[in-house]
Amino acid sequence: MLSREVLGIVEAAALAAGRLMGTGKRDAADEAAVTAMRHYLSEVPVNGTIVIGEGERDEAPMLYIGEKVGRCLPGLPEVDIAVDPLEGTNLVAHGLPGAVATLALAPKGGLFHAPDTYMEKLVVGPDARGKVDITAPVKYNLSILAMSLNREVKDLTIVILDRPRHEELIRDVREAGARIKLISDGDLMPAVSAALIGSGIHAVMGVGGAPEAVLTAAAVKCLGGEIQARLCWRNDHEKNRAAKMGIDLSEEKVYFTEDLAPANELVFAACGITTGDTLKGVNYFGNGARTHSLIMAYQSGLVRFVDTIHLNREKGGRVKL
């Protein structure tokens, strides 16, 4: 379902944002990615609605929640779209690894309309799906994860955002004996890595953006993994806005993969901007550029890593191996 178009959209966003790597201009990089993504979305033959856009917490250019995108002509399919044109604005601004452009697409109603707040998340791969429990102690989940992977807890690597709010979580993981990889920004691609066998990352734990949880759900569903998440409100304003959206305000309710990405027709794509654990960053050369992307379709079961060279014909584009 529109895999080629979705791939082109994230490639365009990555190519635009990548030009600003290391410049310190985080908002300019975000704006470049948004502008490119919006332009390419306008050519897709759908009646699309943005259900997950850039969060207001970033105070940056946005593809707005509720924005209509695509050709928007009678008879075209209605779809919900979740986007993060630049996951990792700080990473691009400072030339750090792991920034990506991402998008998920599903038929109308196929993606959860997450409020712009935070969620506590637990992401694991296929072997531990249905076995871990976000409401259980950290030590318990690490033991279950280790047994599911036929290894010891000391062999596990857990990704956690490096934030003061995670001091207790980090202490619990260390006391249990697992290793930790702290990241400064962007928990989406580490979650994808957790669902890829052989990545060296075995779980993502901790509190991060709720909109990113929906994109994560779309990705890990395609890979057979699992996300469990609970809402974490920061203030009454967020609660009031969510209530108007019809969101259950309970912080005890657990959202599973199927709650966040219920669609059976589902496409997820990500294109590397700066090189990370899973995707290489954009490489520019004299007559073009090279991108590395991941495109997945749940219904067909296809998972593709795509290495693309974008030639500039005006500069006499040539391909070198």
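Preceding block: the structure.
The following paragraphs examine the structure supplied in this document. Remember, predicted model here, so these are calculated numbers, not experimental data.

Rules behind the numbers
- Residues numbered from 1 in each chain as written.
- Predicted model: local features only at pLDDT ≥ 70, side-chain atom pairs only at ≥ 80, totals over all residues.
- Heavy atoms only, no water.
- Salt bridge = Lys/Arg side-chain N within 4 Å of Asp/Glu carboxyl O.
- Buried < 20%, exposed > 50% of the residue type's maximum accessible area, 1.4 Å probe, protein only.
- Helix = DSSP H or I, 4+ residues; strand = E, 2+ residues; numbered from the N terminus.
- Disulfide = S-S within 2.5 Å.
- Pairing = 2+ DSSP bridges.
- Contact = heavy atoms within 4.5 Å.
- Axes fitted to C-alpha atoms, helices over the stretch in contact; angles between N-to-C directions.
- Parallel < 35°, antiparallel > 145°, perpendicular 65-115°, else oblique.
- Left-handed = near helix turned anticlockwise from the far one by under 90°.
- Nonpolar A, V, L, I, M, F, W, Y, C, P; charged D, E, K, R; others polar.

**What about the pattern of salt bridges?**
Evaluation of the coordinates by the stated rule reveals 11 salt bridges. Glu 152 is paired through a salt bridge with Lys 154; the nearest N and O atoms lie 4.0 Å apart. For Lys 154, a relative accessible area of 53% gives the class exposed. With a shortest N-O distance of 2.5 Å, Lys 181 and Asp 277 are connected by a salt bridge. Taken together, the residues Lys 181 in strand β7 (residues 179–183) and Asp 277 in the loop between β11 (267–272) and β12 (283–285) connect sequence positions 96 residues apart. The partly exposed category is assigned to Lys 181, whose relative accessible area is 30%. Residue classification places Asp 277 among the exposed residues on the basis of a relative accessible area of 52%.

**Thoughts on the state of the cysteines**
Here the structure, examined in full by the defined rule, presents 0 disulfides. Cysteine Cys 222 shares no disulfide, and the gap to the nearest cysteine sulfur, in Cys 271, comes to 17 Å. Exposure remark for Cys 222: the relative accessible area of 14% places this residue in the buried category.

**Notes on the sheet that holds strand β5 (residues 118–124)**
Strand order in the open sheet formed by 6 strands is β7-β6-β8-β5-β9-β10, and the pairing between neighbours is mixed. Each having just a single partner strand, β7 and β10 (255–256) make up the two edges of the open sheet. Lying on the sheet, helix α4 (residues 138–148) is in contact with β5, β6 (157–161) and β8 (203–209); it crosses β8 at an angle near 135°. Contacting β5, β8 and β9 (226–232), helix α7 (residues 210–223) runs over the sheet at an angle of about 20° to β5.

**With respect to the packing of α4 against helix α5 (residues 167–176)**
The interhelical angle for the contact between α4 and α5, taken along N-to-C directions, is 50°, at an axis separation of 9 Å. In this view, α4 runs oblique relative to α5, as classed from their interaxial angle. Viewed along their axes, α4 and α5 form a crossing whose handedness is right-handed. Of the residues in α5, those touching α4 at Val 138, Lys 139 and Leu 142 are Leu 169, Asp 172, Val 173 and Ala 176. Tallied by class, the residues present in the contact of α4 with α5 amount to 5 nonpolar, no polar and 2 charged.

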